[in-house]
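Fold and contact review
Spelled out from the first residue to the last, the chains are:
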Amino acid sequence: MSNIPQQLMYTKTHEWIKKEEEYVVIGITDHAQTMLGDLVYVELPEAEMSFDSGQECAVVESVKAAADIYCPVPGEVIEVNQAVIENPHLINQDPYGKGWLLRVRPFDRKPVGGELLNADQYTKVVASEAH
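Residues numbered from 1 in each chain as written. Predicted model: local features only at pLDDT ≥ 70, side-chain atom pairs only at ≥ 80, totals over all residues. Heavy atoms only, no water.

So, about the sheet that holds strand β2 (residues 15-20). The strand order across the open sheet formed by six strands is β1-β2-β3-β9-β8-β5, and the pairing between neighbours is antiparallel. Each edge of the open sheet carries a strand with a single partner, namely β1 (9-10) and β5 (50-51). Both strand β3 (residues 23-28) and strand β9 (residues 102-106) contribute to a ladder of three bridges, which runs antiparallel. Opposite Ile-26, over in β9, you have Leu-102 as the bridge partner. (Pairing = 2+ DSSP bridges. Helix = DSSP H or I, 4+ residues; strand = E, 2+ residues; numbered from the N terminus.)

Written out as structure tokens, the structure is:
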């Protein structure tokens with residue numbers, strides 16, 4: 001079973017979200033990186049680019065496939081993780097730590113939630129895909 005930290009929020013498209021002060025950190029889940037296999041390339045947006053919720057904001061490529069990453073909240077990119085661009089394997093090694101992708105300042109000041117899933121809900125999504 002994939003590693004699914006309780007304190008994070010998730011999307012059905014396998015992104016994770018961690019709230020921090022006035023921004024959120026976004027990455028792909030352990031399940032996603034496991035399904036993709038060894039990552040060889042990461043394309044991240046420029047800082048100050050803005051995205052709507054559900055809009056493609058990044059791409060990760062493995063030896064098997066390429067996958068679009070969708071912005072889970074509407075907001076402005078304030079930082080990208082240069083380390084994963086230089087070493088995509090960081091996502092495979094530590095998807096919830098050193099393998100983060102973006103820091104985004106949400107446009108909406110309401111608490112991040114809405115369409116997002118908690119760890120238990122995301123666990124059910126992963127389990128349903130296994131069948």
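Right, let's get into the sheet that holds strand β4 (residues 39-43). Adjacent strands of a sheet pair through backbone hydrogen bonds, lying either parallel or antiparallel. Sheet architecture is open: three strands sit in the order β4-β6-β7, paired in antiparallel fashion. Looking at the sheet topology across the chains shown, the edges are occupied by β4 and β7 (66-70). This sheet shows a mean twist of 20° between the axes of neighbouring strands, independent of strand direction. Bridge analysis of strand β6 (residues 56-62) against β7 gives five bridges, and the strand direction is antiparallel. Within the sheet, the bridge partner assigned to Val-59 lies in β7 and is Asp-68. (Axes fitted to C-alpha atoms, helices over the stretch in contact; angles between N-to-C directions.)

The subject of this paragraph is the nonpolar core. Note that soluble globular proteins tend to have their nonpolar side chains buried in a common cluster. Residues Ile-28, Leu-44, Val-60, Ile-91, Leu-101, Leu-102 and Val-104 are the most contacted members of the largest nonpolar core, which totals 26 residues. Looking at this core, the elements that each hand over two or more residues are β3, α1 (30-36), β4, β6, β7, β8 (75-80), α3 (89-93) and β9. Counting 13 residues, the second largest nonpolar core, distinct from the first, contains Ile-4, Tyr-96, Tyr-122 and Val-125. (Core = buried A, V, L, I, M, F, W, Y, C linked by side-chain atoms within 4.5 Å. Buried < 20%, exposed > 50% of the residue type's maximum accessible area, 1.4 Å probe, protein only.)

Of note, Asn-92 is situated in helix α3. Looking at Asn-92, its side chain comes within polar contact range of the side chain of Gln-33, at 2.7 Å. At 2.9 Å, the side chain of Asn-92 forms a polar contact with the backbone oxygen of Gly-37. Look past the residues within four positions of Asn-92 in its chain and what remains in contact with it is Gln-33, Gly-37, Asp-38 and Leu-39. (Polar contact = N/O pair within 3.5 Å; in protein donor to acceptor, adjacent residues only side chain to side chain. Contact = heavy atoms within 4.5 Å.)

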